[in-house]
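# What the coordinates show
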Amino acid sequence: MPIRLFGDPVLTTPAAEVVDFDARLRRLVKDLDETLVDQRGSGLAAPQLGVGLRVFVFRDEDASGHLVNPVLRFPDEEEQDGPEGCLSMPGLYFDTRRRRNVVAKGYDMHGRPLQVVGRGHLARCLQHETDHLDGVLFLDRMDATRRKAALRAIREAPWFATPPRVKLSPHGPAGLFR
């Protein structure tokens, strides 16, 4: 399925909680997973397909699956800083600070409770996709200098057509944890 690109308002709109664990949800999870495999990504959230529901899929060397209505918990303060990309900003990667460890709790497509413990790349992926569900882009997690460089690269990207709409991080002006 086509992926919504940076500038599409659906990417900065918080997604609604899933209340119906039905065939439509299972089809959405299948569409997300097939699109993720096709695009060779690490994660894909429903808003990236234009669907405003709290669902994402993920694929990592350690684990793969999906989460519905995820909630994140951070077991410690350890951080990581490194390259991060997004299928909604194809071909671009920018250093972004994230927590190194995360516990994601939610549900599977059948409504059964599910927990995913992530470290390193998987933790980054779980945080990135949950941010999508909150209408937060990884650009919002960058400090001002990195964000400015990233926006310049986006404006120069061949796929870019819409003026950028970036909001400040909900976690303060210096990024996620400061």
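Nothing here was measured: the structure is a model prediction, and the numbers come from that model.

Bringing the pairing of strand E6 (residues 101-107) into the picture now. Burial within E6 is extensive, with five of its seven residues counted as buried. The pairing of E6 with strand E7 (residues 113-119) spans seven bridges and is classified as antiparallel. Bridge assignment links Val-103 to a residue of E7, and that residue is Val-117.

Attention shifts here to helix H2 (residues 121-133). Spanning 13 residues, H2 covers 19 Å between terminal C-alpha atoms, matching the ideal 18 Å at 1.5 Å per step. Of all 13 residues making up H2, 12 are buried, and the element is well covered by its neighbours. Three or more residues of H2 are buried, namely Leu-122, Ala-123, Arg-124, Cys-125, Leu-126, Gln-127, His-128, Glu-129, Thr-130, Asp-131, His-132 and Leu-133. Gly-135, located one to two residues past H2, shows a positive phi value of around 75 degrees.

What follows is about the nonpolar core. By size, the foremost hydrophobic cluster in this structure holds 17 residues, and its most contacted members are Phe-6, Met-89, Phe-94, Leu-139, Ile-154 and Trp-159. A per-element tally of this core places helix H3 (residues 144-156) first, with three residues. Grouped together as the second largest cluster of nonpolar side chains are 14 residues, Leu-28, Leu-32, Leu-36 and Val-57 included.

Let us look at unusual backbone geometry. Backbone geometry places Arg-40, a non-glycine residue, at a positive phi of 60 degrees. Mapped onto the secondary structure, Arg-40 falls in the loop between helix H1 (23-39) and strand E1 (43-45). In this model, Asn-69 sits at a positive phi of 55 degrees, which is unusual for a non-glycine residue. Here Asn-69 shows up in strand E3 (residues 64-73).

Moving on, we come to H1. Between its first and last C-alpha atoms H1 spans 24 Å; for 17 residues at 1.5 Å apiece the expected length is 24 Å, and the two agree. When H1 is considered as a whole, its buried residues turn out to be Leu-25, Leu-28, Val-29, Asp-31, Leu-32, Thr-35 and Leu-36. Viewed along the axis of H1, the buried residues span an arc of 160 degrees, placing them on a single side of the element. Of the residues in H1, the exposed ones pointing more than 90 degrees away from the buried face are Ala-23 and Asp-38. Where H1 begins, the capping side chain belongs to Asp-22, and its oxygen is found 3.2 Å from the backbone nitrogen of Arg-24. In the segment just after H1, Arg-40 is the residue with positive phi, at about 60 degrees.

What follows concerns the confidence of the model for the protein chain. On average, residues of the protein chain score 91 in pLDDT, and 90% of them reach the 70 mark or higher. Here residues 168-178 is a poorly scored stretch, pLDDT under 50, and it has 23 contacts once near neighbours within four places are set aside; other chains count.

The rules we used
Residues numbered from 1 in each chain as written. Predicted model: local features only at pLDDT ≥ 70, side-chain atom pairs only at ≥ 80, totals over all residues. Heavy atoms only, no water. Buried < 20%, exposed > 50% of the residue type's maximum accessible area, 1.4 Å probe, protein only. Helix = DSSP H or I, 4+ residues; strand = E, 2+ residues; numbered from the N terminus. Pairing = 2+ DSSP bridges. Expected span 1.5 Å × (residues − 1). Core = buried A, V, L, I, M, F, W, Y, C linked by side-chain atoms within 4.5 Å. Arc of directions from axis to C-beta. Polar contact = N/O pair within 3.5 Å; in protein donor to acceptor, adjacent residues only side chain to side chain. pLDDT = per-residue confidence, 0-100. Contact = heavy atoms within 4.5 Å.

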